[in-house]
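Fold and contact review
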Amino acid sequence: MRAAARALPPVGATLLRAACKLAAAAGLLLFVYFIWDWLNDAFYERFAPIYSSWGIKYPYAGDLGSQALDAYDTSLMLFTWLPILVVALATILLCALPTGTVPACYIRARRLAGRVLAWQLPPRRFFTWWCGGMSVADTLVLGWLLANNIWYLVFYARRARTRHFNSCAATRRISPPYSMPRLRAPTSRMAITFGIMLWPNIWALFFPIPQSSFLQWLTGLGYSQMIRYHRWIGHGTMVVLSLHGWLYYIYWALTRDFWHEFSDWGNLSSINFLAGSIAYAFAVLWATSISWARRKFFEVFYRCHLVCFVGFTLFSYLHYFWSWSMFLPGLLPYAVDVALRSGQLSNTTLVTEASVDSQAGVATLQLKASKSMSCPVHELFLLIPSISRWQWHPITVAGAAGNKGSPTTLTLHIKSYGKWTKELLDRLRRREPVPVRVSAPVGPELPSWSNLGSVLLIGGGIGVTSRLPTPRLTAFACLAPLQTRPRVHLLWASRHPREFCIMDPEILGAAGDPSGWLTIELHCTGSLQLEAPPSPSDKGNDKEQISPRDSGSDNGLDSKGSQDVLPPGAAGPSAGAKACPLSSPLLHKHARVIQPQAAGPAHLAVVYVLAWVGALLGTYLGGAYVGESYAHWDSTGAEYPNQFYWKLGLIWFFAQTIMSLGLPFLLAVAPMHLWRYWRATRGGQSDELLLGAAAEEPSGHRAGCTLANGALTASAGEEGLRITAGRPDLRGALQAAGSAAAECTGLSKGAVGVFVGGPEAMNRQVLLEVACLNDKCGGPHFQFHALAHTL
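Counting restarts for each chain: residues are numbered from 1 in the order of the written sequence. Confidence filtering applies because this is a predicted model: local features only for residues at pLDDT of at least 70, side-chain atom pairs given and counted only at 80 or more, and all residues used for totals across whole chains, interfaces and linings. Side-chain measures were taken over the full set of non-hydrogen atoms in the model, leaving aside hydrogen atoms and water.

Some remarks on helix α24 (residues 601-636)
To keep things clear, this is the line we draw: Where helices and strands are cited, they refer to DSSP runs of H or I of at least four residues and of E of at least two residues respectively, numbered from the N terminus. Expected span of a helix: the number of residues minus one, times 1.5 Å.
In this model, α24 (36 residues) spans 53 Å end to end at C-alpha, consistent with the 52 Å of a helix rising 1.5 Å per residue. The positive-phi residue at the C-terminal boundary of α24 is Gly637, with phi of around 75°.

Observations regarding helix α5 (residues 71-96)
Convention followed: To get the bend at a residue, fit one axis to the 7 residues ending there and another to the 7 starting there, then take the angle between the axes. Working definition: with a 1.4 Å probe on protein chains only, accessible area under 20% of the residue-type maximum means buried, over 50% means exposed, and in between means partly exposed. Any pair of N or O atoms that falls within 3.5 Å is considered a polar contact. Within protein, one atom must be able to donate a hydrogen and the other to accept it, and sequence-neighbouring residues count only if both atoms are side-chain atoms.
End to end, α5 covers 37 Å across 26 residues, agreeing with the expected 38 Å (1.5 Å per residue, within 8%). The largest bend in α5 amounts to roughly 30° and is located at Leu78. The element α5 is extensively covered by neighbouring structure, given that 19 of its 26 residues are classed as buried. With a side-chain oxygen positioned 3.1 Å from the backbone nitrogen of Tyr72, the residue opening α5 is Asp70.

Points about the packing of α5 against α24
What counts, and what does not: Between N-to-C directions, angles cover 0 to 180 degrees, with each direction set by a line fitted to C-alpha atoms, over the stretch in contact for helices. Here the angle decides the label: under 35 degrees means roughly parallel, over 145 means roughly antiparallel, 65 to 115 means roughly perpendicular, and every other value means oblique. Two residues qualify as a contact provided that any one of their heavy atoms is within 4.5 Å of a heavy atom in the partner residue. Each residue gets one of three labels, nonpolar for Ala, Val, Leu, Ile, Met, Phe, Trp, Tyr, Cys and Pro, charged for Asp, Glu, Lys and Arg, and polar for the others, Gly among them.
Running from amino to carboxyl end, α5 crosses α24 at an angle of 170°, the nearest separation of the two axes being 9 Å. With respect to each other, α5 and α24 are oriented roughly antiparallel. On the side of α5, the interface is formed by Met77, Trp81, Leu82, Ile84, Leu85, Ala88, Leu89, Ile92 and Ala96, while α24 contributes Pro601, Leu604, Ala605, Tyr608, Val609, Trp612, Ala615, Leu616 and Thr619. Tallied by class, residues from the contact of α5 with α24 come to 17 nonpolar, one polar and no charged.

Some words on a nonpolar patch on the surface
The following threshold applies: To count toward a patch, a residue needs a relative accessible area over 30% and no salt bridge; like charges are then connected within 9 Å, while nonpolar side chains (Val, Leu, Ile, Met, Phe, Trp, Tyr) are connected within 5 Å. Each accessible area is a Shrake-Rupley estimate made with a 1.4 Å probe; only the visible protein chains count as cover when residues are assessed. We define a salt bridge as a contact between a side-chain nitrogen of Lys or Arg and a carboxyl oxygen of Asp or Glu at a distance within 4 Å.
A cluster of nonpolar residues, Ile290, Trp292, Phe297 and Val300, forms a patch on the protein surface that exposes about 420 Å² of accessible area. Note that Ile290 resides in the loop between α15 (285-288) and α16 (291-296).

Brief notes about the packing of aromatic side chains
The condition that has to hold: Ring pairs are drawn from Phe, Tyr and Trp, using the six-membered ring of Trp, whenever the two centres fall within 6.5 Å, and their geometry is named by plane angle: stacked under 30 degrees, edge-to-face over 60, tilted for the rest.
This model, assessed by the stated rule, comprises 63 aromatic pairs. Between Phe34 and Phe79, the aromatic rings sit 5.3 Å apart at their centres with planes inclined by 5°, giving stacked as the arrangement. Here the residue Phe34 occupies a position in helix α2 (residues 10-37), and Phe79 occupies one in helix α5, the gap between them amounting to 45 residues. Taking the relative accessible area as the measure of exposure, Phe79 reaches 4% and is therefore buried. On the basis of an interplanar angle of 20° and a centroid distance of 5.8 Å, the ring pair of Phe126 and Trp130 is categorised as stacked. Taken together, the positions of Phe126 and Trp130, both in helix α7 (residues 124-131) and four residues apart, correspond to about one turn of that helix.

Focus: the pattern of salt bridges
Counting across every chain of the model gives 17 salt bridges. In this structure, Arg46 and Asp37 form a salt bridge, with 2.7 Å as the shortest nitrogen-oxygen distance. Its relative accessible area of 47% is what places Arg46 among the partly exposed residues. A relative accessible area of 13% places Asp37 in the buried class. Taking the shortest distance from any N to any O, the salt bridge between Glu499 and Lys415 comes out at 2.7 Å.

Comments concerning the packing of helix α12 (residues 223-254) against helix α14 (residues 273-281)
Rule in force here: When the near helix sits turned anticlockwise from the far one by under a right angle, the crossing is termed left-handed; a clockwise turn instead gives a right-handed crossing.
As a packed pair, α12 and α14 sit with axes 11 Å apart at the nearest point and diverge in direction by 135°. Considered as vectors, α12 and α14 are oriented oblique to each other. In the crossing of α12 with α14, the sense of the turn from one axis to the other is left-handed. Facing α12, whose interface residues are Leu241, Ser242, Trp246, Tyr249 and Trp252, α14 presents Phe273, Ser277 and Tyr280. The residue inventory of the contact of α12 with α14, partitioned by class, reads six nonpolar, two polar and no charged.

The structure is reproduced here in structure tokens:
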């Protein structure tokens, strides 16, 4: 698909991109329209042909006319599932198309809209402290969510009140009036109203979760921003859920029948009250998601989030059998993400090169990636089964290199912060082979530098390389023509000076370019006094050496632990490839390089379609149970038992989950990875296989700089870059970047890209400074991008 798209003429590519954007906009508008209008009776009158004929009959019901899925089921798929699929497919095609040609007025209008949406609202210090800032775009998102809740609350509160008064009037006409507690009726009405308000909240709750989301590609938002919205929506959803549950508890207490109602397992009505209370108990994940609890007890938060998510969804299905109508629209994109990640879970790779700086507590890792991996790769999610079989840790790629015809080398820098990173560094120090499973999500491109007059990169500690677009900076330093390079200012502050040693030598060398396109400032906020240098027995290197283990040592390659490890190049590709420790769930015996999630845009589109088809088939399987049960009861004249509904919810939960995940995995994801594995092991593609040996010291690209006499150098004997003691002047650096951008001409005039990665306090300070400078009329515009984030 991508090759055919590149062959389009510029005008054709522009028209096709415009069509994709219109299709995506139409899908989003249809989804929003349904959210707002499906409450009204006029909506069903307007679409009466659909609601009168769109039911799917159960084929074995005979003349009884039982339906497997009624018109409400199928129409909900039409108005919620189909628009999301259209938006996803249009976005995939949009990403595969070339840029085309657009008029300069369109670029200026888009830039103006971006500036307006990025403007920070006052009181800025409060919003920055409370939620990391509140831009106009953030306000629009929150305003839309708040409007949904207000609309549902007002509409259903009015409808329930009207129905109550009509019922009371009818009762008075046929019998004498009776006394009723004053709070009972409004409590019941508000309880069911807050239950119905869960629909728009849960619809929106799961959209930001996927690591590879079409919404990220469509909006340009990063994963950190999407998770930020997920937290906001999650807090609102939990508030609505709590009001729904506690108002029912109060209502049962007012009726003096609390325990009978609370403990009912689907006998009194089609609603399973006890299952609803159990689902609400799983909402304990809300308490562990609070910022201070999440950071102090991350292990508790991570495990609780996984278990409670599944438990809450399952018992919500048991509580109300039609809960899939609120869960699936948001969970279907997540099902695609899980199916793709499950394919990569079957591929075990190895850390091929590594070094550990014990003084700075920083490890440098290098991994091999397949030639088919789409570049640039910005972020990887690492799973190390020997440390934790469940935890995926997001690590941004600090460097990428590779010659034509060889796999790409990806470099990561990891600092010891918690239990997981400390265990990883300890294993690297012990020179153990480290099997890794890597998920390489397809994310949005980093903001383009082509339309920027200057770029300011601000980093704190290890965040400068693990969060800033260092691969792009390396490419500019080595390959990019001088006329395409913006003025770049790299400002790096670190508490430990040895952290500066992870800087790429090519970048440090580019700082001495006569054109002056790159300026680097290094600031040490701690002590500049270094520890004693290593002894000569350490081979003259100020990093710990990670070399291959001796032949015959226990490397975990087999059950006996005595298989020899051959050094690289000692044998042929197939003979030297060893069975990897902790083999994959698909029983792959060889460690391989990192594989891409999808084979291309066409394959990714197929996975999306199969996930939707699987959800449809899973829903029909549950509907077949409905049709069979109704046919039996209608033929025998039996009453419909209330216990049927929670059983139906249980069947729908498992059928929809298995089908929406299993169908794309079995038909699209697993065959692709099996084919790649067979081709690598049988087809002679030696560059896809890895030796089962311990990691070597990183060499070549991104080997790192050296530190001597308070200066950073790319090689011994050269005059280095002096390290300044104290904190940097952030405002002065921003003003200098603005002055450099003002000297540019054309579309890049007055545009400054500010990329920040570091501690939260630094991010907040830079955001406040940028917001203050953007208030000046006629001055340069600063585009703020916070690339560091925490789960």
